[in-house]
Amino acid sequence: MAEETNLPNSENLNTKNGNFICGVVEGFYGRPWTTEQRKDLFQKMKKWNMNSYVYAPKDDYKHRAYWRELYTVEEAEHLTSLIQAAKDQNIIFYYALSPGLDITYSSSKEVAALRRKLEQVSQFGCHAFALLFDDIEPEMSEADKEIFQSFAQAQVSVTNECFQHLGQPKFLLCPTQYCSTRAVPNVTNSEYLNTLGSKLAPEINIMWTGQKVISRILTKENIQEVTEVLRRPPVIWDNLHANDYDQKRVFLGPYSGRSPDLIPKLRGVLTNPNCEYGANFVAIHTLAQWSRCNVDAQRDPSIHDTVSADIKLETETEDGLSGEDVPSTLSPNMYHPRQALRNAIKDWLPEFAKHKSAWGPITKPQPAVAVVPVPIIPSINTCMSLTSTSTTTSSSNTAIVNSNQLQALAEVCSTVSCTDSIVSAVPGPVMNSLVSETKVICNESIPNPITPVSIPIPIDTTESKTVTILSGTIIKPEKGKVDHETTENPADVTNLKDPKDESTMNTDTSLSNESSLSPSEPMDCNSTPNISPAHGNKCTNGSNEDVAMSENSTFSGSMQVDPNQMVIENNTENESKESALTYEDLALLCDLFYLPFEHGGQALQLLQEFNWLKSNAHLVIVANQRKDKSSPEVHEWFTRAEKLNEMSQAMTRLFEHISSCNNRELLYDLYAYIWDMRGVISLLNSYIKWLAGGHFPPSMPSYTQGTYTWFSKGWKETFMSGDQEPWVFRGGLTADLQRLIPVDSGNDLFIYKVPEMPTNRVFTIRPYLPTDEEIVYNVCTKTCKDGLEDPIPYPDKLRHLHADRIVGPYVTLHPEFCFVIEDDLGIVGYACAAPDYKKFRIKQELAWIPDMCEKYPMDCGKDIHKFAQESIAYFHNFKDEIYVNSPTHPSSMICSLLPSVLDQSVSKRLVTCILAALRANGSFGVHVVINSSDSYTHAFYGKLGFVENTQESIKGKIVMGRTF
């Protein structure tokens, strides 16, 4: 083919003579890997025949923010040991610097500082280097403009000089325009890229991410185009498995979307994978398999072409399963992602049995990212374009998605993701991974000169919105301990408007009018990246000011792996075969956290099953009315409901097995994701169990459809097409599942803190049963007095007094709107509701209050304390009581959990079930009434998104409501 003859003649030699660069670039934002992890990586890379590692962790402070600073003796020892460890495994160690934030290219002093830093590392035994100019403003200083004709010439000059000064070692360059969407105006006509191609020393390899920052597919055409412009084949910096742009996603799927036919057209491939080291086994293992496939093998493109296979694999069949599996006649020389995944999982499984310890609480290692309200509009954090129409084709149909639909989809997605269960945090401080084998510490002694910057984000042609960017203020943990008996959540989301005021904490992020952005997209472009010493004098506030922690923020204490500050968590060895992790467990895990543009087969099945059950729930109403479940349609509904229940149980087994594995380091990397996913899937299953009762009107589908979900027109097609960068669709499968739960404005209920230590304690929500009454009454009694039990003993005849008042009417008159939550020991909480409170009061007056007045006559409380007397008086004065009559909050509810339940996600998921049940009955607002003196209960409901309703005034009471 003509396109092949235009490539340099030496292209195939790169593969055949062993010069093909294949390995890992540690180039993400967030907490770097430890020295010990990197050495483990080198051993695995040697085993898998990979040959290159690039040290380029964005937030290791002497790599980027403080690139001029030389290494201390201690740091030099660790870096030297790393370089030697790589040599021992025949791995080429590329040391990279990112000086582009504030370097003056024309300054001899600056270039000397750059040379001196690289020289120092060369003395440690390093013989391969890289300069990275990604994620910087493409503007030169006034001094540079006097010397250089263009930005590219400035970079070429400095790079060539360093290359020659170091004796022409192996050398990589990452350009500022590193993908097609960032080439100005395009790849072929980019003055910048053409200058690099013509002026950069031909021995220097240039890095390229493909058509986008995160490219779904790497095409021959794109590689050919950039090769001609750069006058050399590129080294692919592959962000396929990078997850530093999304707190909810980790990518455990196989290397895919890249045909092995590309190998002879490339200088190499380096994967920039997940932040969590332990999560990268599949990503690196499958890349290694891909790189080893026989590029000269004869293949039938209609069957074995990797890219076409990937596309087929992404289109699900009617039952939600993958539309394509591994061909039975696959040649050993061929690469197929599914087969590669199977091989990787088999090799990954023994890793979980290795005895490794972990330190400190579980934290997300990467900084969280909040999303601009309309992320598809080109902005500082999403350098993408939006065409008037985009066409994506699946195997069964063609969907035309216009710009208005795309924008609406993105708005919904960004809303869910901004309030997802792992809370968005302000960027973390710069870090140091060269202080010990196992530590990554925050350099709090070094001022971090990042200041908030207001950047106008274009929303439409007539309006602009200013978004405050808190670019990297140091976050310190609060020193005071939290009393878990009196507050369910130790740290709430911080109101970013006033970082100093820790009293303005608020769980409901929908109340905030500002979003925070951070430089966390892989190889992201930042308008004013003030993260280097040269910008320090521009700071308007103190660089060491504390910012109150947001839930699960990446604060310095949790990053610091220090035995003096953290308690080591060792796993007690469990040899029970029942708790051993299985291949099926890991296959499920990988399917649930697959790839940026693709959900795995079992994930698609989850989406499909839940949506089908919800959409066809009307069949259950008919069956219940007829008291006949024998029809084929009804039988199918209950069969598929059981199928979903089995999938939920499989997720629980995965959670329990992985929580008891020996490799605690690996567990800590994955726990937050698995814990959250298990909770969401369990919530879906709980709602289906409620639907099985048929307690909703035939009009239910119109109330529970949801605005935009995976099944909305154009949603999955746009998601899978790769036309948008994946941070547009933040949240991954977790968010897609959450969007199917019919609580449209309940996104705040998906904000909760991951447990600081792994636990395999499982909480399950289910509909209330009549046999639960006694236990629910006991839970109510133990929590009746502002979350605690009344310490004063009661006579036996009054032991149910408060439960009869609080929970009795609900479980007696509206048991179909009651849920319980239980762990392995039994019921630990409940939530009950009445869809129409006015009718509920009438029912109480006729069918409940008379019995209570008879059970508790007024004189039975003469000799007891005031708290009990109030409950007795409540029954006898019920008719005269002022009650809530709100058109916006027509339903009422109660919720309570035992004080031993410290996991704050439990109450939120429980309430989500109640709200979804109310919504199925056409209610969109609910209220609670509490005593004015009940501070714990007030805070409890506040965390559940309830706000005080001042229009409904009842003496001695507080009325709180929320819509959904």
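Keep in mind the model is a prediction, meaning the values are calculated, not measured. (Residues numbered from 1 in each chain as written. Predicted model: local features only at pLDDT ≥ 70, side-chain atom pairs only at ≥ 80, totals over all residues. Heavy atoms only, no water.)

J.: Looking at this structure, I do not really get the overall build of the protein chain. What am I missing?
T.: Counting secondary structure elements, the protein chain contains 31 helices and 23 strands. Per-residue burial over the protein chain gives 63% buried out of 964 residues. Surface exposure of the protein chain reaches about 36,000 Å², of which carbon and sulfur atoms provide 50%. (Helix = DSSP H or I, 4+ residues; strand = E, 2+ residues; numbered from the N terminus. Buried < 20%, exposed > 50% of the residue type's maximum accessible area, 1.4 Å probe, protein only. Areas by Shrake-Rupley, 256 points an atom, 1.4 Å probe, with all protein chains shown as cover.)

J.: Whenever I open this one, the packing of helix 20 (residues 664-691) against helix 30 (residues 905-920) confuses me. Can you help?
T.: Two packed helices can be described by the angle between their axes and the distance between those axes. For the pair helix 20 and helix 30, interaxial distance at closest approach is 10 Å and the crossing angle is 30°. Handedness of the crossing formed by helix 20 with helix 30: right-handed. Taken together, the residues of helix 30 that come into contact with helix 20 (itself represented by Trp675, Asp676, Gly679, Val680, Leu683, Ser686, Tyr687 and Trp690) are Ser905, Arg909, Thr912, Cys913, Ala916, Ala917 and Ala920. Among the residues forming the contact of helix 20 with helix 30, the class breakdown is nine nonpolar, four polar and two charged. (Axes fitted to C-alpha atoms, helices over the stretch in contact; angles between N-to-C directions. Left-handed = near helix turned anticlockwise from the far one by under 90°. Contact = heavy atoms within 4.5 Å. Nonpolar A, V, L, I, M, F, W, Y, C, P; charged D, E, K, R; others polar.)

J.: Teacher, can you tell me more about the sheet that holds strand 20 (residues 891-897) here?
T.: Two pairing modes exist for strands in a sheet, parallel and antiparallel, and in both the strands are linked by backbone hydrogen bonds. Spatially, 17-18-19-20-21-23-22 is the arrangement adopted by the seven strands of the open sheet, whose pairing is mixed. Only two strands of the sheet have a single neighbouring strand rather than two, namely strand 17 (764-767) and strand 22 (947-948). In terms of strand pairing, strand 20 meets strand 21 (residues 925-931) through two bridges, oriented parallel. Bridge assignment links serine 892 to a residue of strand 21, and that residue is histidine 927. Of the strands in this sheet, strand 20, strand 21, strand 22 and strand 23 (957-963) are in contact with helix 31 (residues 935-943), which crosses strand 20 at around 110°. (Pairing = 2+ DSSP bridges.)

J.: Looking at this structure, I do not really get the pattern of salt bridges. What am I missing?
T.: Side chains that differ in charge, positive against negative, can pair when their charged atoms come close. Throughout the structure, instances matching the rule amount to 32 salt bridges. With a closest N to O distance of 3.2 Å, glutamate 437 and lysine 39 form a salt bridge. Placement of glutamate 437 in the loop between strand 12 (431-432) and strand 13 (441-442) and of lysine 39 in helix 3 (residues 35-47) is noted, with a sequence separation of 398 residues between them. For lysine 354, the salt bridge identified is with glutamate 351, shortest N-O distance 2.9 Å. (Salt bridge = Lys/Arg side-chain N within 4 Å of Asp/Glu carboxyl O.)

J.: What should I look at first to understand unusual backbone geometry in this one?
T.: With the exception of glycine, the majority of residues adopt a negative phi angle, and the majority of peptide bonds are in the trans configuration. Note the cis peptide between valine 184 and proline 185, where omega equals -5°. Looking at the element boundaries, proline 185 is found in the loop between strand 5 (170-174) and helix 8 (191-199). Here the phi dihedral of asparagine 49 falls at roughly 65°; this positive angle occurs in a residue that is not glycine. Among the residues examined, asparagine 49 registers a relative accessible area of 55% and is labelled exposed. Phi at asparagine 90 takes a positive value of approximately 60°, unusual for a residue other than glycine.

J.: Explain the packing of aromatic side chains to me, please; I cannot follow it from the model alone.
T.: The geometry of an aromatic ring pair comes down to the distance between the two centres and the angle between the two planes. In the structure shown here, the tally under the stated rule is 39 aromatic pairs. Ring geometry for tyrosine 105 against phenylalanine 151: centres 6.0 Å apart, planes inclined by 90°, an arrangement best described as edge-to-face. With a gap of 46 residues between them, tyrosine 105 in the loop between strand 3 (92-97) and helix 5 (108-123) and phenylalanine 151 in helix 7 (residues 151-165) connect regions that are remote in the sequence. The class for tyrosine 105 is buried, based on a relative accessible area of 5%. Here the aromatic residues Phe42, Tyr53, Tyr55, Tyr71, Phe93 and Tyr95 are joined through ring pairs into a cluster of three or more. (Phe/Tyr/Trp six-rings, centres within 6.5 Å; stacked < 30°, edge-to-face > 60°.)

J.: Whenever I open this one, the sheet that holds strand 6 (residues 205-208) confuses me. Can you help?
T.: Strands sit in the order 1-2-3-4-5-6-7-8 around a closed barrel of eight strands; the barrel is parallel. Strand after strand, the sheet turns through a mean of 25° between neighbouring axes, direction not considered. In terms of strand pairing, strand 3 meets strand 4 (residues 128-132) through four bridges, oriented parallel. Bridge pairing in strand 4 places alanine 96 opposite alanine 130. The sheet strands contacting helix 7 are strand 4 and strand 5, and the helix crosses strand 5 at an angle near 165°.

J.: Any chance you could explain the pairing of strand 3 here in plain terms?
T.: Every regular strand shows the same layout, with side chains that alternate between the two sheet faces. Buried residues dominate strand 3, accounting for five of its six residues. Of the pairings in the sheet, the one linking strand 2 (residues 52-55) to strand 3 comprises four bridges and is parallel in character. Of the residues in strand 3, the one forming a bridge with valine 54 is tyrosine 94. Chirality of the crossover, the property in question, places the unit of strand 2, helix 4 (residues 73-88) and strand 3 among those that are right-handed. Crossover strand 3 to strand 4 through helix 5 is right-handed. (Right-handed = clockwise from strand over helix to strand, strands pointing away.)

J.: Quick question: what am I supposed to make of the environment of aspartate 823 here?
T.: As for its position among the elements, aspartate 823 is in strand 18 (residues 818-823). The buried category is assigned to aspartate 823, whose relative accessible area is 10%. Along the chain, aspartate 823 and phenylalanine 763 lie 60 residues apart, while their C-alpha atoms are 4.7 Å from each other. Discounting chain neighbours no more than four positions away, the residues touching aspartate 823 are Arg761, Val762, Phe763 and Val828. A distance of 2.8 Å separates polar atoms of two side chains, one belonging to aspartate 823 and the other to arginine 761. A distance of 2.9 Å separates a polar atom in the side chain of aspartate 823 from the backbone nitrogen of leucine 825. (Polar contact = N/O pair within 3.5 Å; in protein donor to acceptor, adjacent residues only side chain to side chain.)

J.: Would you mind showing me how to read the pairing of strand 20 here?
T.: In terms of residue burial, strand 20 counts as a mostly covered element, since seven of its seven residues are buried. Because side chains alternate across strand 20, one face comprises the buried residues Ser891, Met893, Cys895 and Leu897, and the other comprises Ser892, Ile894 and Ser896, equally buried. In this sheet, strand 20 lies alongside strand 19 (residues 826-834) in antiparallel orientation, the contact comprising six bridges. Residue pairing for strand 20: cysteine 832 is matched across the bridge by isoleucine 894. For the segment spanning strand 20, helix 30 and strand 21, crossover handedness is right-handed.

J.: What's the story with the confidence of the model for the protein chain in this structure? I'm lost.
T.: For residues with low pLDDT, the predicted coordinates do not support detailed interpretation. Per-residue pLDDT for the protein chain has a mean of 78; in total, 71% of the residues score no lower than 70. Ignoring residues within four places in sequence, the model shows residues 1-17, a span with pLDDT below 50, making 24 contacts including any to other chains. pLDDT under 50 marks residues 295-323. Its contacts with residues more than four places away, or in other chains, come to 74 contacts. (pLDDT = per-residue confidence, 0-100.)

J.: Help me understand the side chain of threonine 286 in this model?
T.: Relative to the helices and strands, threonine 286 is located in helix 10 (residues 281-292). In terms of polar contacts, threonine 286 uses its side chain to reach the backbone carbonyl oxygen of valine 282, at 2.7 Å. Filtering out sequence-adjacent residues up to four positions away, threonine 286 remains in contact with Pro254, Tyr255, Tyr335, Ala340, Leu341 and Ala344.

J.: Just to check I follow, could you spell out helix 10 for this structure?
T.: What sets the pattern is the α-helix's 3.6 residues per turn: residues three or four places apart point alike. Compared with an ideal rise of 1.5 Å per residue, which puts 12 residues at 16 Å, helix 10 spans 17 Å between its outermost C-alpha atoms and is within 8% of the ideal. For helix 10, the tally of buried residues reaches 11 of 12 residues, placing the bulk of the element in the interior. Where helix 10 is concerned, the buried positions are Phe281, Val282, Ala283, Ile284, His285, Thr286, Leu287, Ala288, Gln289, Trp290 and Ser291. Packing partners of the buried residues in helix 10 comprise strand 1 (21-26), helix 3, strand 8 (268-271), helix 13 (337-348) and helix 16 (583-592). (Expected span 1.5 Å × (residues − 1).)

J.: Got a minute to help me understand the nonpolar core in this structure?
T.: General note: in soluble globular proteins, nonpolar side chains tend to be found buried as a group. Counting 222 residues, the largest nonpolar core has Phe93, Tyr95 and Trp348 as the members making the most contacts within it. Considering each element in turn, this core owes the most residues, 17 residues, to helix 20. If we skip the residues at most four places from it in the chain, tyrosine 95 touches Tyr55, Lys62, Tyr71, Leu79, Lys117, Leu118, Val121, Cys126, Ala128, Phe129 and Ala130. Among the nonpolar cores identified, the runner-up in size contains 23 residues, and Val54, Ala128, Cys174 and Met207 belong to it. (Core = buried A, V, L, I, M, F, W, Y, C linked by side-chain atoms within 4.5 Å.)

J.: Quick question: what am I supposed to make of the packing of helix 16 against helix 17 (residues 601-615) here?
T.: Between helix 16 and helix 17, whose axes approach to 6 Å, the crossing angle comes to 70°. Classified by the angle their axes make, helix 16 and helix 17 are roughly perpendicular. Residue-level contacts link Ala587, Leu588, Asp591 and Leu592 of helix 16 to Gly601, Gln602, Ala603 and Leu606 of helix 17. Taken together, the residues of the contact of helix 16 with helix 17 sort by class into five nonpolar, two polar and one charged. (Parallel < 35°, antiparallel > 145°, perpendicular 65-115°, else oblique.)

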